[in-house]
Amino acid sequence: MADQPLTLATPVTDLPDVGPRRAAALNRLLIHTAADLLKHLPHRWEYHAGQIPIGRLQPDTTATALGEIANCRYIPPVGRSRKGRFQATLEDDTGTLDLVFFNAPYLRDKLAPGMRIAVTGKLTTFRDYLQMTNPKWHAVDEQQTDSPNPDAAYQPIYPATEDLASETIARIIAPLLDPLLPQIEDHLPDDYRQSRALPPLVDAYRAMHRPLDPDHVAAARRRLAFDELLLLQLGLTMKRHHTRAHFTAPTLPTTPAIDRHIRDRFPFTLTDAQNAVIKDITKDLSQPAPANRLIQGDVGSGKTVVALYAMLLAAADRKQAALMAPTELLAEQHHASINAMLTGSNLNIALLTGSMTPAQRKQTAADIAAGKTDLVIGTHALLTESLEYHDLAVVVIDEQHRFGVTQRAALRSKAADPNAIPHTLVMTATPIPRTLSLTLFGDLDISTINALPPGRQPIDTRVVSESQHDDVYTYLAKRVDAGEQLYVVLPAIEDSSTGLRTVRSHAKLLEEKWFASKRVATVHGQLKPDTRAQIMDRFRRGEIDVLVATTVIEVGVDVPNASLMVVEHADRFGLAQLHQLRGRVGRGSHRSLCVFIADPTTDDATLRLEAIANTTNGFDIAEADLHIRGMGELIGARQSGLPPFRVANLETDLDLLRLAKTDAESFITSDPLLENPAHKTLRARLFKHYKSALGLGDVA
Ligand code: ADP
Ligand code: MG
């Protein structure tokens with residue numbers, strides 16, 4: 001080990017101060033090499049020199065301040081729930097700072113007016129005064145006003161684990177900085193980097209691990225966040241550029257005759273909003289570049305017919321179209337409603353889902369391969385590798401938020417001719433917040449159906465507590481008596497140990513107590529597809545009054561006469577889910593009512609219920625959801641199939657993201673595969689990060 005030179009590739013096991021136990025702990029943090037250590041960035045920095053004058057302290061930062069105790073006192077607990085606290089005021093020439101120590105009567109013997117102490121902690125404001133709660137503190141000599149080592153003023157605090165403290169990580173990293181930093185190659189060309197006022201990569205890493213001051217950190221953070229955003233944008237742009245340049249899709253022109261023919265099939269006139277989106281689609285499909293378009297429209301905005309329009313354009317040209325839905329229930333419903341609209345046509349429409357028998361599936365697959373099938377509707381079973389299409393021209397993916405980038409790519413690659421790929425349309429009712437539309441869905445064009453069909457009545461939303469549970473049903477029983485249909489949604493099918501109501505137990509109760517003379521049925525994921533389809537059909541025809549369900553009915557289900565909904569244990573559902581569920585009602589001419597029953601026990605749940613009660617617009621809901629859950633979870637790696645960001649924060653780095661997008665476009669326009677020698681390192685980093693996630697393998 002001693003004679004091996006230290007490089008970025010040096011395994012952590014060869015580093016001084018790292019034995020097998022520490023190496024294992026580092027590995028658990030996915031740190032294997034010295035380079036991984038440099039990339040393990042502090043998430044905050046503590047200021048340890050006592051040099052920030054009190055008057056310049058900022059709320060919401062963690063800092064160390066030095067001063068003299070002006071006064072202090074102990075306030076004993078009042079009442080049973082209150083805690084006792086020790087309060088002190090710290091003073092220097094520039095200002096005063098309130099210190100609060102909870103449950104610390106012993107401080108009476110330790111702190112006294114006139115003492116000089118240094119305190120470290122998080123700063124908050126309380127009634128306009130700057131305050132530090134439970135700070136770390138130590139007494140300071142009269143002379144000791146400066147840090148002995150100004151370089152060590154800011155101490156990095158690293159993401160740590162139980163068996164690996166931040167200080168240990170700091171001690172391992174510190175001696176690596178000087179030998180290793182010069183070995184880091186900057187992947188951004190110098191003149192470009194300077195034009196964007198970004199520091200060199202080496203400086204950025206140095207500043208993160210050993211910052212001089214907060215501005216230094218901010219510049220470094222900006223550089224590293226930008227790098228992440230730029231790489232992703234480069235990947236998306238390269239992929240899209242490549243697809244445009246090397247693949248073609250069938251051109252599907254729309255003639256007035258075809259347009260009329262298709263519209264005649266729809267039982268209503270399309271709205272202006274639908275027509276605007278259809279205009280985008282017909283333009284896309286008339287060109288040989290494969291379309292890749294996201295259609296967003298709130299629940300009930302009428303996305304299905306827009307999808308069908310595109311599919312029928314393929315059929316008009318004697319080519320195939322596929323519609324993929326996220327659940328079997330929804331696939332079955334699309335199949336039924338599309339069949340209904342196309343009765344009497346000579347088109348062959350097939351349904352393909354995972355729970356069909358192997359024999360059925362084999363037959364359907366054979367018909368698709370032979371070109372006997374014109375339209376195929378299904379679930380992710382449409383992605384099965386062995387499934388071959390005769391001449392697939394249009395793919396529609398409904399309710400996109402359930403599918404990741406990778407799945408979209410898989411379906412698109414299902415064309416017979418390797419250089420021909422179908423046009424792809426993606427429908428979603430969960431509007432994609434702008435930041436996500438630039439990242440996760442950055443390879444898509446976007447159209448929005450921005451209005452609902454006419455005649456929709458607003459939905460009344462009520463959030464009520466468990467104590468009103470029975471009153472809710474007493475009221476709803478009257479409306480069901482008058483002919484309206486009711487959905488009741490529960491979080492689980494069967495009696496769980498949680499003591500919550502479930503589909504089974506609750507259906508029984510409803511039947512006994514409020515709906516004895518009514519037809520109550522249940523629907524959930526454990527039913528056989530046939531049974532489930534029958535129940536949904538009967539509900540649609542009005543032969544069932546009360547449908548007790550799990551979230552299988554969450555997306556897409558469309559029964560206009562069902563105008564009532566109760567969601568039990570509503571605090572258990574996500575905000576987007578609540579909005580989707582509510583979207584099942586409000587589709588017909590009755591004025592709809594949606595009741596959410598819950599006694600929320602967490603702040604997040606309370607916020608979700610407040611948001612759903614006050615907002616009916618899906619875009620506002622999506623924004624609220626983002627704030628409550630945070631961006632991180634929304635684009636969780638699991639859902640997106642993309643590696644997560646370490647530094648970039650999509651909520652706060654929107655400007656940086658926009659810059660990355662524009663710049664990525666100019667990079668790729670001038671050098672589509674980044675083959676210019678000046679872009680060598682950039683290309684290498686790009687492929688290292690995104691080759692598999694974005695399928696860049698077939699690009700170059
Ligand atoms: P989404 O998928 O966007 O949630 P759907 O496509 O299921 O919405 O449409 C919701 C309801 O509105 C359906 O009952 C559909 O038949 C109806 N609908 C769609 N477009 C129109 C329109 N232009 N005029 C009247 N009703 C429409
Ligand atoms: Mg839909």
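Everything numeric here is computed off the predicted structure, so don't read it as measured data. (Residues numbered from 1 in each chain as written. Chains lettered and ligands numbered in written order. Predicted model: local features only at pLDDT ≥ 70, side-chain atom pairs only at ≥ 80, totals over all residues. Heavy atoms only, no water.)

## Topic: the packing of aromatic side chains
Here's step 1: In total, this model carries four aromatic pairs according to the counting rule given.
Here's step 2: Over the face of the ring belonging to Tyr74 we find Arg108, whose NZ or CZ atom lies 4.4 Å from the ring centre.
Here's step 3: The lysine or arginine in question, Arg683, covers the ring of Phe687, its NZ or CZ lying 4.6 Å from the ring centre. (Phe/Tyr/Trp six-rings, centres within 6.5 Å; stacked < 30°, edge-to-face > 60°. Lys NZ or Arg CZ within 6 Å of the ring centre and 35° of its normal.)

## Quick word on the pairing of strand E6 (residues 129-133)
Here's step 1: Strand direction decides the pairing type here: strand E4 (residues 95-102) and E6, joined by three bridges, are parallel. What sits directly across from Leu99, in E6, is Met132.
Here's step 2: Note that strand E5 (residues 116-126) and E6 share four bridges and pair antiparallel. By the bridge assignment, Thr124 is partnered in E6 with Gln131.
Here's step 3: Where E5 folds back onto E6 in an antiparallel hairpin, the turn is made up of two residues, including Arg127, whose phi is positive at roughly 45°. (Pairing = 2+ DSSP bridges. Helix = DSSP H or I, 4+ residues; strand = E, 2+ residues; numbered from the N terminus.)

## Observations regarding the sheet that holds strand E14 (residues 423-428)
Here's step 1: Pairing is parallel across the open sheet formed by seven strands, whose spatial order is E11-E12-E10-E13-E14-E9-E15. Where the open sheet ends on each side, the last strands, each with one partner, are strand E11 (349-352) and strand E15 (445-449). Neighbour-to-neighbour, the strand axes of this sheet turn through a mean angle of 20°, independent of strand direction.
Here's step 2: Alignment of strand E13 (residues 392-397) against E14, held across four bridges, turns out to be parallel. Counted as the bridge partner of Ile397 is Val426 from E14.
Here's step 3: This element, helix H8 (residues 272-285), spans strand E9 (292-297), E13, E14 and E15 of the sheet and lies at about 155° to E15. (Axes fitted to C-alpha atoms, helices over the stretch in contact; angles between N-to-C directions. Contact = heavy atoms within 4.5 Å.)

## Observations concerning the site of ligand 1
Here's step 1: The environment of ligand 1 is made up of 16 residues, and the closest members are Gly300, Lys303, Thr304, Arg456 and Asp558.
Here's step 2: At 2.9 Å, a side-chain N or O of Gln274 approaches a nitrogen atom of ligand 1.
Here's step 3: In the model, an oxygen atom of ligand 1 is placed 3.2 Å from a nitrogen or oxygen of the Arg587 side chain.
Here's step 4: Isolated, ligand 1 exposes 570 Å² of accessible area, and the fraction of that covered by the protein chains is 86%.
Here's step 5: Here the shell around ligand 1 is built from residues that sort into four nonpolar, seven polar and five charged. (Near = heavy atom within 4 Å. Polar contact = N/O pair within 3.5 Å; in protein donor to acceptor, adjacent residues only side chain to side chain. Areas by Shrake-Rupley, 256 points an atom, 1.4 Å probe, with all protein chains shown as cover. Nonpolar A, V, L, I, M, F, W, Y, C, P; charged D, E, K, R; others polar.)

## A look at the pattern of salt bridges
Here's step 1: Considering all chains together, one arrives at 31 salt bridges under this definition.
Here's step 2: As a salt-bridge pair, Arg240 and Asp445 come within 3.0 Å of each other at their nearest N and O atoms. Remark: Asp445 occurs in strand E15 and Arg240 occurs in helix H6 (residues 214-246); sequence separation between them is 205 residues.
Here's step 3: Two residues, Glu568 and Arg501, come together in a salt bridge whose shortest N-O distance is 2.7 Å. You can see Glu568 sitting in the loop between strand E20 (562-567) and helix H17 (575-582) and its partner Arg501 sitting in the loop between strand E17 (485-489) and helix H15 (503-513), a full 67 residues away along the chain.
Here's step 4: The buried category is assigned to Glu568, whose relative accessible area is 0%.
Here's step 5: Using a relative accessible area of 22% as the deciding quantity, one classes Arg501 as partly exposed. (Salt bridge = Lys/Arg side-chain N within 4 Å of Asp/Glu carboxyl O. Buried < 20%, exposed > 50% of the residue type's maximum accessible area, 1.4 Å probe, protein only.)

## Considerations on the environment of Leu452
Here's step 1: Considering the arrangement of structural elements, one finds Leu452 in the loop between E15 and strand E16 (460-464).
Here's step 2: Distance from Leu452 to Asp298, taken between C-alpha atoms, is 7.9 Å for residues 154 residues apart in sequence.
Here's step 3: Contact partners of Leu452, with chain neighbours within four places excluded, come to Thr271, Val299, Gly300 and Ser301.

## Quick word on the packing of helix H10 (residues 328-341) against helix H16 (residues 529-540)
For any two helices packed against each other, one specifies the crossing angle of their axes together with the interaxial distance.
Here's step 1: Their axes nearest at 10 Å, the elements H10 and H16 cross at an angle of 55°. Here H10 lies oblique to H16, going by the angle between them. The crossing of H10 and H16 is right-handed. Each of Glu328, Leu329, Glu332 and Gln333 in H10 lies in contact with H16, whose residues at this interface are Pro529, Arg532, Ala533, Met536 and Arg540. (Parallel < 35°, antiparallel > 145°, perpendicular 65-115°, else oblique. Left-handed = near helix turned anticlockwise from the far one by under 90°.)

## With respect to the side chain of Lys319
Here's step 1: Mapped onto the elements, Lys319 comes out in the loop between helix H9 (303-316) and strand E10 (320-324).
Here's step 2: Dropping the residues within four chain positions of it, Lys319 is found in contact with Pro250, Leu252, Ala314, Asp374, Asp391 and Ala393.

## As for the layout of surface pockets
Summary: where empty space remains is shown by rolling a probe the size of a single water molecule over the atoms.
Here's step 1: In this structure, the largest pocket encloses a volume near 880 Å³.
Here's step 2: Examining the composition of the lining of the largest pocket, we find that six residues originate from one element, helix H23 (residues 680-690), more than from any other.
Here's step 3: For the lining of the largest pocket, a count of residues per class yields 15 nonpolar, four polar and eight charged. (1 Å grid on protein atoms, 1.4 Å probe; cavity = no way out; pocket = protein on both sides within 12 Å on 5 of 7 lines; lining within 4 Å. Points joined across faces, edges and corners; volume = space filled by probe spheres on them.)

## Considering the nonpolar core
Here's step 1: In terms of nonpolar packing, the biggest core is built from 64 residues, with Leu37, Leu234, Leu686 and Tyr690 touching the most fellow members.
Here's step 2: Mapped by element, the contributors of at least two residues to this core are helix H1 (20-28), helix H2 (34-39), helix H3 (166-180), helix H5 (201-209), H6, helix H22 (654-670) and H23.
Here's step 3: Ranked by residues supplied to this core, first place goes to H6 with twelve residues.
Here's step 4: Beyond its immediate sequence surroundings of up to four residues, Leu234 is in contact with Ala664, Phe667, Ile668, Leu674, Leu682 and Leu686.
Here's step 5: Formed by 41 residues, the second largest nonpolar core is a distinct cluster that contains Ala273, Val305, Ala310 and Ala325. (Core = buried A, V, L, I, M, F, W, Y, C linked by side-chain atoms within 4.5 Å.)

## Quick word on H17
Here's step 1: Of all eight residues making up H17, six are buried, and the element is well covered by its neighbours.
Here's step 2: Three or more residues of H17 are buried, namely Leu575, Leu578, His579, Gln580, Leu581 and Arg582.

## Quick look at the sheet that holds E16
Here's step 1: Taking strand neighbours across the sheet as the criterion, the six strands line up as E16-E21-E20-E17-E19-E18 in an open arrangement whose pairing is parallel. If you trace the sheet from one side to the other, it starts and ends with E16 and strand E18 (520-523), each paired once. Neighbour-to-neighbour, the strand axes of the sheet open up by a mean angle of 20°, direction not taken into account.
Here's step 2: Both E17 and E20 contribute to a ladder of five bridges, which runs parallel. Paired with Gln485 across the bridge in E20 is Ala562.
Here's step 3: Sheet strands touched by H16: E17, E18, strand E19 (546-549) and E20. Its angle to E18, the strand with the most contacts, is close to 135°.

## Notes on unusual backbone geometry
Here's step 1: One non-glycine residue, Asn134, lies in positive phi territory at about 45°.
Here's step 2: Along the chain, Asn134 turns up in the loop between E6 and strand E7 (136-139).
Here's step 3: Overall, the relative accessible area of 44% leaves Asn134 in the partly exposed class.
Here's step 4: Even without a glycine there, the phi angle at Arg318 is positive, about 60°.
Here's step 5: Along the chain, Arg318 turns up in the loop between H9 and E10.

## Observations concerning the confidence of the model for the protein
Here's step 1: Per-residue confidence for the protein gives a mean pLDDT of 87, with 89% of residues at or over 70.
Here's step 2: Confidence drops under pLDDT 50 across residues 634-639; counting only partners more than four residues distant or on other chains, this segment forms 13 contacts. (pLDDT = per-residue confidence, 0-100.)

## Details of H23
Here's step 1: The complete set of buried residues in H23 reads Thr681, Leu682, Leu686, Phe687 and Tyr690.
Here's step 2: Among the structural elements, H6 and H22 are those in contact with the buried residues of H23.

## Description of the environment of Arg683
Here's step 1: Residue position: Arg683 is located in helix H23.
Here's step 2: The spacing of Arg683 and Leu231 is 452 residues in sequence and 9.0 Å in space, taken between C-alpha atoms.

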